[in-house]
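Structural overview
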Amino acid sequence: MHFELLILRILHVVGVVLWAGTAMFVSFFLLPAMGMAGPAGAPVMGALVKRRLFVIVPTVAVITMLAGLRLLWLISDGYSAAFFSSRSGMTYTTGTVVSLVAFTIFLTVSRPALGKMGQLQLQMAQAPESGRASLIAQMNAVRGRAGAASLAIALLLTLAAITMAIARYVD
């Protein structure tokens, strides 16, 4: 079991770093920069899609969550009620719930918005000058939704990382 714990901890910690780090980068740097770049940001989004960022990061998130759930099973003695009534157990539970909420926001808001942004960028590249104003307005609305969701995800994942880091020390 010691080897399993080591592997699970590595998967979980490295996964959190990649998942939360990407969420923070997208929220605080990428989306604002793409907004400033306007239509010139389309090639960057296209390159990220080709490099499968929006497939790899959610896959890492799922692996991270599964490793975390298994770790939780092991440290809680099979999800025992006694563990979850302790401060440590409640803190782990908070982090777990917060990360699940962040992933749900990604699936239901961010990912669809990023897909819509890609479609709109393609339409803008092919649209005549007279038709671009409507597409730009749509793009700004979608970018605003994606930005708000990305910020929420980044903050939630930061909270989840904090709770996971301190949970064993709160009792």
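Residues numbered from 1 in each chain as written. Predicted model: local features only at pLDDT ≥ 70, side-chain atom pairs only at ≥ 80, totals over all residues. Heavy atoms only, no water.

Here the focus is the packing of aromatic side chains. Describing an aromatic ring pair means giving the distance of the ring centres and the angle of the ring planes. Evaluated as defined, the whole model comprises seven aromatic pairs. Cluster of aromatic residues (ring-pair linked, three or more members): Trp73, Tyr79, Phe83, Phe84 and Tyr92. (Phe/Tyr/Trp six-rings, centres within 6.5 Å; stacked < 30°, edge-to-face > 60°.)

For the rest of this paragraph, the subject is the side chain of Ser27. Residue position: Ser27 is located in helix 1 (residues 2-37). A relative accessible area of 10% places Ser27 in the buried class. Here Leu151 takes part through its backbone nitrogen, which lies 3.3 Å from a polar atom of the side chain of Ser27. In this structure Ser27 touches Pro32, Ser150, Leu151 and Ala154, once residues within four positions along its chain are discounted. (Helix = DSSP H or I, 4+ residues; strand = E, 2+ residues; numbered from the N terminus. Buried < 20%, exposed > 50% of the residue type's maximum accessible area, 1.4 Å probe, protein only. Polar contact = N/O pair within 3.5 Å; in protein donor to acceptor, adjacent residues only side chain to side chain. Contact = heavy atoms within 4.5 Å.)

As a further point, take a nonpolar patch on the surface. A cluster of nonpolar residues, Phe3, Ile7, Ile10, Leu11, Val14 and Ile63, forms a patch on the protein surface that exposes about 580 Å² of accessible area. The leading source of residues in the nonpolar patch is helix 1, at five residues. Within the element layout of this structure, Leu11 appears in helix 1. (Patch = residues over 30% accessible without salt bridge, like charges linked within 9 Å, V, L, I, M, F, W, Y side chains within 5 Å. Areas by Shrake-Rupley, 256 points an atom, 1.4 Å probe, with all protein chains shown as cover. Salt bridge = Lys/Arg side-chain N within 4 Å of Asp/Glu carboxyl O.)

Let us look at the side chain of Arg143. By the element assignment, Arg143 lies in helix 6 (residues 132-166). One buried charged residue, Arg143, forms no salt bridge at all, with the nearest opposite charge on Glu129 at 15 Å. Sequence-distant contacts of Arg143, defined by excluding residues within four places in its chain, comprise Leu31, Met34, Gly35 and Met117. (Lys, Arg positive; Asp, Glu negative; His and termini not counted.)

Okay, the environment of Ala40 next. Looking at the secondary structure, you find Ala40 in the loop between helix 1 and helix 2 (42-50). In this structure Ala40 comes out as exposed when scored by relative accessible area, which is 56%.

Take Gly46: it is sitting in helix 2. Residue classification places Gly46 among the partly exposed residues on the basis of a relative accessible area of 30%. On a C-alpha basis, the gap between Gly46 and Leu156 in space is 27 Å, while along the polypeptide they are 110 residues apart.

Moving on to the packing of helix 1 against helix 3 (residues 53-75). Direction vectors running N to C along helix 1 and helix 3 enclose 140 degrees, while the axes themselves pass 8 Å from each other. The orientation of helix 1 with respect to helix 3, classified from their angle, is oblique. Here the hand of the crossing between helix 1 and helix 3 comes out left-handed. Here Glu4, Leu5, Leu8, Arg9, Leu11, His12, Gly15, Val16, Leu18, Trp19 and Thr22 of helix 1 lie close against helix 3, whose contacting residues are Leu53, Val57, Val60, Ala61, Ile63, Thr64, Met65, Ala67, Gly68, Arg70, Leu71 and Leu74. When grouped by side-chain class, the residues that make up the contact of helix 1 with helix 3 number 15 nonpolar, five polar and three charged. (Axes fitted to C-alpha atoms, helices over the stretch in contact; angles between N-to-C directions. Parallel < 35°, antiparallel > 145°, perpendicular 65-115°, else oblique. Left-handed = near helix turned anticlockwise from the far one by under 90°. Nonpolar A, V, L, I, M, F, W, Y, C, P; charged D, E, K, R; others polar.)

Function cannot be inferred from these measures alone, as they are strictly geometric.
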